[in-house]
Amino acid sequence: MTVSVSCLGEAATAVLTTAAPLEKVRLTRLHAAAWRDNLLSPDVPAPPPDRPARPDRPELKLPRDMPKRGRGGSAQNRIALLHALAHIELNAIDLAWDIVVRFAPLGLPKGFTDDWVQVADDEARHFQMLETRLNALGSSYGDLPAHDGLWQAATETAHDLAARLAVVPMVLEARGLDVTPETVRRLRDFGDTESADLLQTIHDEEIGHVAAGRRWFVHLCADRVAEPVALWQELVGRHFRGGLKRPFNTASRQLAGFGPEYYEPITPEIDRKPETR
C-alpha cells in the first residue's frame, strides 16, 4: 500500500479538507487501512479545520427549510430517505476524523484512536453502500437538498471530549438505532429488500459506534472522578438542544452497554410510546 501522508494528523486533514464525497471516502479507506497496518505515525502536528470541506451539491438548507419526506413506498420517497442517510454518513466520516485529531493533545490510549479510525472507515463504507443503492434507483448523492445542522454538534462540543462523546455517539448515533428498525420494516413491506438489508447492516455496525462512545465516555469519567450517568445527563442538557425522543430501541442500546438509566430520567413522559423491538 502506498500512502501520500506519513502521520495520523496529515491523514485526517487530507480527508477533512477534501470536498468530493467519493474522494473523501477513498482517502478515508486508504488511511484507515494504513493506520491498521502501522504505516502512519500517531503524530498530529496541527489541529483540524473548524469546518470540513463540502461539495457544491447538495444544496444545504436550515433544518426548518427542508422539504418533508413522504413515508410511502414510492421510488421518490425511498430515494429521499437514502439521500438523507447518505448525508448523515458523509458528515459522520468527518466527525470521526475530527475527534481523532482535535482531542489528540489529551494523550488518550492508542485504543481510542483505533476505535475512531475504524468508525471513520465504517462510515465511509456506509456512504459507499448508500450511494451505490441511490445509483441503482436512478439517483446520486447531491441530487436533493440536505440540512446543514449536523456539524452544529461538533461545533458545540469542540472544547470538551466528554461533551462530544455524550452528544454525537450517545445521542445522535443512538437515535439512529432507535428509528432504523421501523424504517427497515417499512422498506420490506414496500418490497425494497435491497435497501432494507443495507439499513440493517448499518444499524448493526452502528451499535459498535455507540458502544465506543460509551466506553470512552466512561474512561473520561474515571479520569475526572465523575459519575457517568450524572455527567452524561448534565452534558446532554447543556449541549444538545433537540431533546431526547421516544421510542427507544432498548435492546440495541443495551448491546452497546448504554442502559436506560442514562436516558429515561431526562426524557419527557409526554412522549412515551411503546419501545422499539
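About the thresholds
Per chain, residues are indexed from 1 in the order of the written sequence. The predicted origin of the model limits local features to residues at a pLDDT of at least 70 and limits the giving and counting of side-chain atom pairs to 80 or more, whereas totals for whole chains, interfaces and linings rest on all residues. Water and hydrogen atoms were dropped before computing side-chain values, which therefore reflect all heavy atoms in the structure. Here a strand is any run of E in DSSP of at least two residues, a helix any run of H or I of at least four, and the numbering for each starts at the N terminus. As defined in this context, the radius of gyration uses C-alpha atoms, and a globule is described by 2.2 Å times the residue total to the power 0.38. Summary of the burial criterion: residues with accessible area below 20% of their type's maximum are buried, those above 50% are exposed, and those between are partly exposed, where the area comes from a 1.4 Å probe applied to protein chains only. In this analysis, the protein atoms alone were mapped onto a 1 Å grid. Cavities are point sets where a 1.4 Å probe fits without being able to get out; pockets are open sets with protein on both sides within 12 Å along at least five of seven lines; lining residues have an atom within 4 Å of a point. Grid points are joined across faces, edges and corners, and a volume is the space filled by probe spheres set on the points. Side-chain classes are defined by residue name, with Ala, Val, Leu, Ile, Met, Phe, Trp, Tyr, Cys and Pro counting as nonpolar, Asp, Glu, Lys and Arg as charged, and the others, Gly among them, as polar. Planes of paired rings set the category: under 30 degrees apart is stacked, over 60 is edge-to-face and the rest tilted, where pairs are Phe, Tyr or Trp rings (Trp by its six-membered ring) whose centres lie within 6.5 Å. Charge assignment in this entry is limited to Lys and Arg as positive and Asp and Glu as negative, and neither His nor the chain termini are counted. Here, a salt bridge means any Lys or Arg side-chain nitrogen found within 4 Å of an Asp or Glu carboxyl oxygen. Here a polar contact means two N or O atoms within 3.5 Å. Within protein one must be a hydrogen donor candidate and the other an acceptor candidate, and residues neighboring in sequence count only if both atoms are side-chain atoms. One less than the residue count of a helix, multiplied by 1.5 Å, gives the span that helix is expected to have. Two residues qualify as a contact provided that any one of their heavy atoms is within 4.5 Å of a heavy atom in the partner residue. We define a nonpolar core as any set of buried Ala, Val, Leu, Ile, Met, Phe, Trp, Tyr and Cys residues linked to one another through side-chain atoms lying within 4.5 Å.

Per an unreviewed UniProt entry, the chain carries the name DUF455 family protein and comes from Azospirillum melinis.

A. Spatial organisation of the overall build of the chain. Secondary structure assignment for the chain yields 10 helices and 2 strands. Each helix (α) and strand (β) of the chain, taken in turn from the N terminus, gives the series α-α-β-α-α-β-α-α-α-α-α-α. Against the compact-globule benchmark of 19 Å for 277 residues, the chain has a radius of gyration of 18 Å, which places it among compact chains. If you line up the chain on its principal axes, its C-alpha atoms span 50 × 45 × 30 Å. Buried positions account for 49% of the 277 residues belonging to the chain.

B. Molecular detail of empty space enclosed by the protein. Going through the model one piece at a time under the given rule, you end up with 1 cavity of 30 Å³ or more. Every residue lining the largest cavity is listed: Arg-51, Pro-52, Arg-54, Leu-60, His-87, Asn-91, His-147, Asp-148, Gly-149, Leu-150 and Trp-151. Taken together, the residues of the lining of the largest cavity break down into 4 nonpolar, 4 polar and 3 charged.

C. Region of interest: the packing of aromatic side chains. Enumeration over the complete set of coordinates arrives at 8 aromatic pairs. Ring centres 4.5 Å apart and planes at 55° place the aromatic pair Phe-248 and Tyr-263 in the tilted group. Linking Phe-248 in the loop between α8 (228–239) and α9 (250–255) with Tyr-263 in helix α10 (residues 260–263), this pair joins segments that are 15 residues apart in sequence. The pair Phe-248 / Tyr-263 is uniform in exposure class, with both members buried.

D. Quick peek at the side chain of Glu-131. By the secondary structure assignment, Glu-131 is in helix α4 (residues 110–136). Although Glu-131 is buried, it forms no salt bridge, and the closest oppositely charged side chain is Arg-57 at an N-O distance of 8.4 Å. Within the local environment of Glu-131, its side chain forms a polar contact with the backbone nitrogen of Tyr-141, the two atoms lying 2.8 Å apart.

E. Seen up close, helix α3 (residues 75–102). Taking 1.5 Å as the rise per residue, α3 with 28 residues should run 40 Å; its terminal C-alpha atoms sit 40 Å apart, in good agreement. Taken across its 28 residues, α3 has 23 buried, putting it largely inside the fold.

F. Structural context of the side chain of Lys-24. Along the chain, the position of Lys-24 falls in helix α2 (residues 21–36). Side-chain polar atoms of Lys-24 contact the backbone oxygen of Val-15, separated by 2.9 Å. Every residue in contact with Lys-24, bar those within four places of it in the chain, is listed here: Val-15, Leu-16, Thr-18, Ala-53, Arg-54, Leu-90, Ile-93 and Asp-94.

G. Spatial organisation of α2. When the terminal C-alpha atoms of α2 are compared, their 23 Å separation across 16 residues agrees well with the 22 Å that a helix rising 1.5 Å per residue should span. Of the residues making up α2, those classed as buried are Pro-21, Lys-24, Val-25, Leu-27, Thr-28, His-31, Ala-32, Ala-33, Ala-34 and Trp-35. Close packing links the buried residues of α2 with α1 (8–16), α3 and α4. Positive phi shows up at Asn-38, right after α2, with a value of about 60°.

H. The nonpolar core, seen in detail. Among the nonpolar cores identified, the biggest contains 69 residues, and Trp-97, Trp-116, Phe-217 and Trp-232 are the most heavily contacted of them. For this core, the elements supplying multiple residues, two or more each, are α1, α2, α3, α4, α6 (161–189), α7 (193–224), α8 and α10. For this core, the leading source of residues is α7, giving 12 residues. Setting aside residues no more than four positions away along its own chain, Trp-97 makes contact with Leu-8, Ala-12, Val-15, Leu-16, Thr-28, His-31, Ala-32, Val-117 and Ala-120.

I. A look at unusual backbone geometry. Here the bond from Arg-57 into Pro-58 is cis, since omega is 10°, no more than 30 degrees from zero. By secondary structure assignment, the location of Pro-58 is in the loop between α2 and β1 (60–61). Backbone torsion omega between Arg-246 and Pro-247 reads 5°, so that peptide bond is classified as cis. Within the secondary structure, Pro-247 is located in the loop between α8 and α9. In the Ramachandran plot, Asn-38 falls in the positive-phi region, its phi being about 60° despite a non-glycine side chain.

J. Broad picture of the pattern of salt bridges. For the coordinates displayed, the defined rule picks out 24 salt bridges. Note that Asp-122 is salt-bridged to Arg-125, the shortest N-O span being 3.0 Å. With Asp-122 and Arg-125 both in helix α4 and 3 residues apart, the pair spans about one turn of that helix. Close ionic contact of Arg-175 with Asp-178 constitutes a salt bridge, the shortest N to O distance being 3.7 Å. Placement of the pair is Arg-175 and Asp-178 together in helix α6, with a separation of 3 residues, close to one helical turn. By relative accessible area, Asp-178 is classed as buried at 3%. Through salt bridges with shared partners, one network takes in Arg-78, Arg-133, Asp-192 and Glu-194.

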